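Each chain, written out:
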Amino acid sequence: MNVRLHFLFTLLTASLIPQTGGAQELPTDVRQEIGKFLDATARKEVSVGRIRIDSVAIEENTLQLFANMNCAYIPFREDNVTEIYQGVQALLPAEFSKYNLQIRTNKRSIEELIPQALRSKKDKKAKTFNPAGTKPLVTALSTPYTPTNGLKNRHIALWQSHGFYYEPKLTRWEWQRARIFQTVEDLYTQSYVLPFLVPMLENAGANVLMPRERDSQIAEVVVDNDGCLHSRSVYTEKIGDKNWMQGTGEGFAHLRDQYINFENPFREGTFRTVETVKGKKEKESTAEWIPELPSTGQYAVYVSYKSLPNSTDDALYTVYHKGGVSQFKVNQQMGGGTWIYLGTFGFDAGKSNACKVTLSNRSAKAGQIVTADAVKIGGGMGNIARRISEEGATDNLKSSDKTVNASDAAKNIPAAYQPSYITEYQKSGYPRFCEAARYWMQWAGIPDSVYSESHGKNDYTDDYKSRGIWVNYLAGGSAANPTEKGLNIPVDLAFAFHSDAGTTLNDSIIGTLGIYQTDAYNGVFANGASRYLSHDLTDLIQSNIVRDIRTLYEPRWTRRGKWNQSYYEARVPRVPTMLLELLSHQNFADMRYGIDPRFRFTVSRAIYKGMLQFLCSQYRMDYIVQPLPVDHMALRMIGENEIELTWEAVNDPLEPTAAPEKYIVYTRIGNGDFDNGTVVDKNSYRTVLPAGIVCRL
């Protein structure tokens, strides 16, 4: 290198190095004191390792202090950020007083790590993540009250950790996590998600999408236009001014008791179509699904249909059940080719017109298309079978997302050679809600490229990988993920609920950890919003959980870090995502609280509140938390057949917006189920009871 080039290289190198030398160098002992100060600040809220100042830089008139990642675990708020800057400023030597101070960690200044929802001055220039379309996937029409300033029209994808899966090395089905304290994580997290968290989100107006079966009902009946397997259930059509016609393309068909390899029931049948009508004078055409149910009980109701270029966005479904009639509008422009959940209802055993699902072609706009396919009622038993032994079996003949299995191939092979294709398959033998997401996805028509990244070789890795890929498939084609193919559902956020593993040798609590990831996809979402929105989501949910537990149960509850790390479930989704490790299901100090249903309610409500805060900030609206359930209920007779029900509101000391203004009273008459509810303006309700019939309110 000649002298001139060496000189230019030296100048260029010098321009790239932060100016920390000479008189402007921050002494080591000062860095240490600042680290100790930040340590003390952090330990008021979070259990972290030592915080240190890794490097110092001066850019023009700004002094930048770069703290390690442990500093980023602090829940930064406007008040403690001010206190931090004041405290650090006081520790700096006098010669640094002329500089503006900036403390950075996790590639951001600490003030940038204050969630947008908690800032007094909103950053109007910051891009938000709000992919909502004009109409949501499902709109409930029969609810007596529609929440405002809540989660109406929002779409949330969430799942409850692991599930029962097939392990080929051991040739058996087993739990993904160890059994301890008479539970297993695969089931334990469901005790929060299914009875508490999901209903809270849905009561606030959200559409909740799940990659695992949500219904613990072990019975399942599928009613389809292509016929009903082992059932006298009936699909019928009534023709009005528009005729039902056979659709072009693949639909659902229930052809077998078990599905192997990559068999997809949503590619083995047909579907029906009819043109919409608008005016009341026009006669509607309807489809009816009448199930034959094995027993009286509560059943989840799912519908399926085909999304076409001219599909309607307000297909009218009606569910007839023991509590009355519930109606839903389904946006068939999204979600076609899988199971779409409507609700859970009480049904009587047997087959009756009193328990059925109907679909009308009456719409707000004429000339569009309504499609009808199958209806699934109940959760059922697992029906995905895995290969457990073989005698010289060959690999299945497979094309993309479509399989010709060995048993079918053997039909055209001479008998002498057929032993080469003898293969044994086994189902889990467990209710479907116990199984891992990978198996629900196959039953739900999700492409095998989503649920089996290993091409069928490793169900364990397929399961945890499939959940994040599934989120992107749901959102594919929507404003949330416009560059990928999928179901066109504008997913607003994703949430993975886990309970960590680990024990301590004393009675200390392991506590709550939040995980997110910012580097994937060049650090931005599809609309250009920063992936640091996942940090905001994680901070809000974790903060609500820890505050509420400390206030109501355990002041010493541990707040662990907010990890910005490359966990698959946090990295892959192209929407704001949090992976929660709530507590350790293996640690007694955690589980002494974790087995209490009141604790589970509190935690679930805290998660709901964090999601609500985050989503309302993204849509630039104020939020209102749903009130707590009432108490001090009393009933008195005020006439021969008239009663008065009274109650008292329960104020929420943790949330000032959760003040009740109205109430919903649900009624159950005789052997029926609870109705859709009646709104009342005060904390009392009067009604006349029918004579000789047991009623419940």
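Here is what the cut-offs are and how they apply
Residues numbered from 1 in each chain as written. Predicted model: local features only at pLDDT ≥ 70, side-chain atom pairs only at ≥ 80, totals over all residues. Heavy atoms only, no water. Helix = DSSP H or I, 4+ residues; strand = E, 2+ residues; numbered from the N terminus. Buried < 20%, exposed > 50% of the residue type's maximum accessible area, 1.4 Å probe, protein only. Contact = heavy atoms within 4.5 Å. Pairing = 2+ DSSP bridges. Salt bridge = Lys/Arg side-chain N within 4 Å of Asp/Glu carboxyl O. Phe/Tyr/Trp six-rings, centres within 6.5 Å; stacked < 30°, edge-to-face > 60°. Polar contact = N/O pair within 3.5 Å; in protein donor to acceptor, adjacent residues only side chain to side chain. Axes fitted to C-alpha atoms, helices over the stretch in contact; angles between N-to-C directions. Parallel < 35°, antiparallel > 145°, perpendicular 65-115°, else oblique. Left-handed = near helix turned anticlockwise from the far one by under 90°. Nonpolar A, V, L, I, M, F, W, Y, C, P; charged D, E, K, R; others polar. Expected span 1.5 Å × (residues − 1). pLDDT = per-residue confidence, 0-100.

K.L.:
Requested: an account of the side chain of arginine 438, with residues and values cited.
P.N.:
Considering the arrangement of structural elements, one finds arginine 438 in helix H7 (residues 437–443). With relative accessibility at 0%, the residue arginine 438 sits in the buried group. The residues contacting arginine 438, other than those within four sequence positions of it, are Asn261, Ile384, Arg386, Tyr451, Asp459, Asp462, Asp463 and Ser466.

K.L.:
Tell me about the sheet that holds strand E14 (residues 245–246), residues and numbers included.
P.N.:
If you trace the 3 strands from one edge of the open sheet to the other, you get E14-E16-E23, paired in antiparallel fashion. Each edge of the open sheet carries a strand with a single partner, namely E14 and strand E23 (369–372). With 2 bridges joining them, E14 and strand E16 (residues 272–275) adopt antiparallel strand pairing. Along E16, the bridge assignment pairs glutamine 246 with arginine 272.

K.L.:
Could you give me a rundown of the pattern of salt bridges, with the residues and numbers involved?
P.N.:
By the definition in use, this model includes 37 salt bridges. Across the salt bridge formed by arginine 467 and glutamate 569, the nearest N and O atoms sit 2.7 Å from each other. In this pair, arginine 467 is assigned in helix H9 (residues 459–475) and glutamate 569 in helix H11 (residues 568–571), connecting sequence segments 102 residues apart. Side by side, arginine 467 and glutamate 569 carry an identical accessibility label, which is buried. For arginine 560, the salt bridge goes to aspartate 500, with nearest N and O atoms at 2.9 Å. In this pair, arginine 560 is assigned in strand E31 (residues 559–564) and aspartate 500 in strand E29 (residues 493–500), connecting sequence segments 60 residues apart. Judged on exposure class, the residue arginine 560 and its partner aspartate 500 are both buried. Through salt bridges with shared partners, a single ionic network connects Glu213, Glu220, Lys376 and Arg432.

K.L.:
Any details on the packing of aromatic side chains? Residues and values, ideally.
P.N.:
One pass over the full model with this rule turns up 36 aromatic pairs. Ring centres 5.7 Å apart and planes at 45 degrees place the aromatic pair tyrosine 302 and tryptophan 440 in the tilted group. Pair noted here: tyrosine 302 is in strand E18 (residues 297–303) and tryptophan 440 is in helix H7, with a separation of 138 residues, a long-range link. Accessibility expressed as a relative area gives 5% for tryptophan 440, which makes it buried. For the pair tryptophan 557 and tyrosine 593, a centre-to-centre distance of 6.3 Å together with 80 degrees between the ring planes defines the contact as edge-to-face. Residue tryptophan 557 is located in the loop between helix H10 (533–552) and E31, and its partner tyrosine 593 is located in helix H12 (residues 588–594); the two are separated by 36 residues in the primary sequence. With respect to burial, tryptophan 557 and tyrosine 593 carry one shared label: buried. Among the aromatic residues, ring-to-ring pairing joins Phe164, Tyr166, Trp173, Trp175, Tyr430 and Tyr439 into one connected group.

K.L.:
Would you mind going over the side chain of glutamine 332 in detail, with residue names and values included?
P.N.:
Along the chain, glutamine 332 falls in the loop between strand E20 (324–330) and strand E21 (340–347). Looking at glutamine 332, its side chain comes within polar contact range of the main-chain nitrogen of threonine 371, at 2.9 Å. Filtering out sequence-adjacent residues up to four positions away, glutamine 332 remains in contact with Tyr305, Lys306, Ser307, Ser311, Thr312, Asp313, Ala315, Tyr317, Leu359, Ile369, Val370 and Thr371.

K.L.:
Could you give an account of the environment of histidine 162, with specific residues and numbers?
P.N.:
As for its placement among the helices and strands, histidine 162 is situated in the loop between strand E6 (155–160) and strand E7 (165–167). C-alpha separation for the pair histidine 162 and alanine 437, spaced 275 residues apart in sequence, amounts to 7.6 Å. Here histidine 162 is in contact with Gln176, Arg177, Glu185, Asp186, Arg212, Asp463, Arg467 and His498, once residues within four sequence places are set aside. A distance of 3.2 Å separates a polar atom in the side chain of histidine 162 from a polar atom in the side chain of arginine 177.

K.L.:
Tell me about the environment of glycine 511, and name the residues and values.
P.N.:
Here glycine 511 shows up in the loop between E29 and strand E30 (512–516). For glycine 511 and threonine 558, which are 47 residues apart along the polypeptide, the C-alpha to C-alpha distance reads 4.5 Å. Not counting residues within four places of it along the chain, the set of residues in contact with glycine 511 comprises Trp557, Thr558, Arg560, Glu581, Leu582, Leu583 and Asp590.

K.L.:
Requested: an account of the packing of helix H5 (residues 190–203) against helix H13 (residues 597–618), with residues and values cited.
P.N.:
In a pair of packed helices, the angle between the axes and the distance between the axes together describe the arrangement. Where H5 contacts H13, the two axes come as close as 9 Å, and the packing angle between them is 40 degrees. Classed by the angle they form, the pair H5 and H13 counts as oblique. Handedness of the crossing formed by H5 with H13: right-handed. Here Ser191, Tyr192, Phe196, Leu197, Met200 and Leu201 of H5 lie close against H13, whose contacting residues are Pro597, Phe599, Arg600, Phe601, Val603, Ser604, Arg605, Ile607, Tyr608 and Met611. Of the residues in the contact of H5 with H13, the class split is 12 nonpolar, 2 polar and 2 charged.

K.L.:
Help me get a handle on the sheet that holds E29, residues and values and all.
P.N.:
Overall, mixed pairing links the 6 strands, which are arranged E11-E6-E29-E32-E30-E31 in an open sheet. Two strands lie at the open edges of the sheet, namely strand E11 (207–209) and E31, each paired on one side alone. Here the average twist between neighbouring strands, direction ignored, is 20 degrees. Of the strand pairs in this sheet, E6 and E29 are connected by 5 bridges, and their pairing is parallel. Of the residues in E29, the one forming a bridge with leucine 158 is phenylalanine 495. Contacts from H5 reach E6, E11, E29 and strand E32 (577–584), with the element oriented near 170 degrees to E6. Most of the contacts of H13 go to E29, to which it runs at about 150 degrees, and overall it touches E6, E29 and E32.

K.L.:
If you had to explain H13 to someone new, which residues and values would you point to?
P.N.:
Since one α-helical turn is 3.6 residues long, residues separated by three or four positions face the same way. For H13, built from 22 residues, the straight-helix expectation of 32 Å at 1.5 Å per residue is met to within 8% by its first-to-last C-alpha distance of 32 Å. Of the residues that open H13, the one with a side-chain oxygen 2.9 Å from the backbone nitrogen of arginine 598 is aspartate 596. Residue arginine 620 follows H13 closely and has a positive phi angle near 50 degrees.

K.L.:
Report on the pairing of E29, specifying residues and quantitative values.
P.N.:
In terms of burial, E29 is largely enclosed, as 8 of its 8 residues are buried. On E29, burial covers both faces: Leu493, Phe495, Phe497 and Ser499 on one face and Ala494, Ala496, His498 and Asp500 on the other are all buried. Here E29 pairs with E32 via 6 bridges, running parallel. Bridge assignment links aspartate 500 to a residue of E32, and that residue is serine 584.

K.L.:
Mind laying out the confidence of the model for the protein, listing which residues take part and the relevant values?
P.N.:
For the protein, the average pLDDT comes to 91, and 92% of its residues sit at 70 or higher. For residues 402–422, every residue scores under 50 in pLDDT, and the model assigns this stretch 28 contacts once sequence neighbours within four places are set aside.

K.L.:
Go over helix H2 (residues 28–42) with me, naming the residues and quoting the values.
P.N.:
Here H2 contains 15 residues, and its C-alpha end-to-end distance of 21 Å stays within 8% of the 21 Å for a straight helix at 1.5 Å per residue. Those residues of H2 that fall on the buried side of the exposure criterion are Val30, Ile34, Gly35, Leu38, Asp39, Thr41 and Ala42. Those residues of H2 that are buried lie in contact with strand E1 (53–59), strand E2 (62–67) and helix H3 (78–91).

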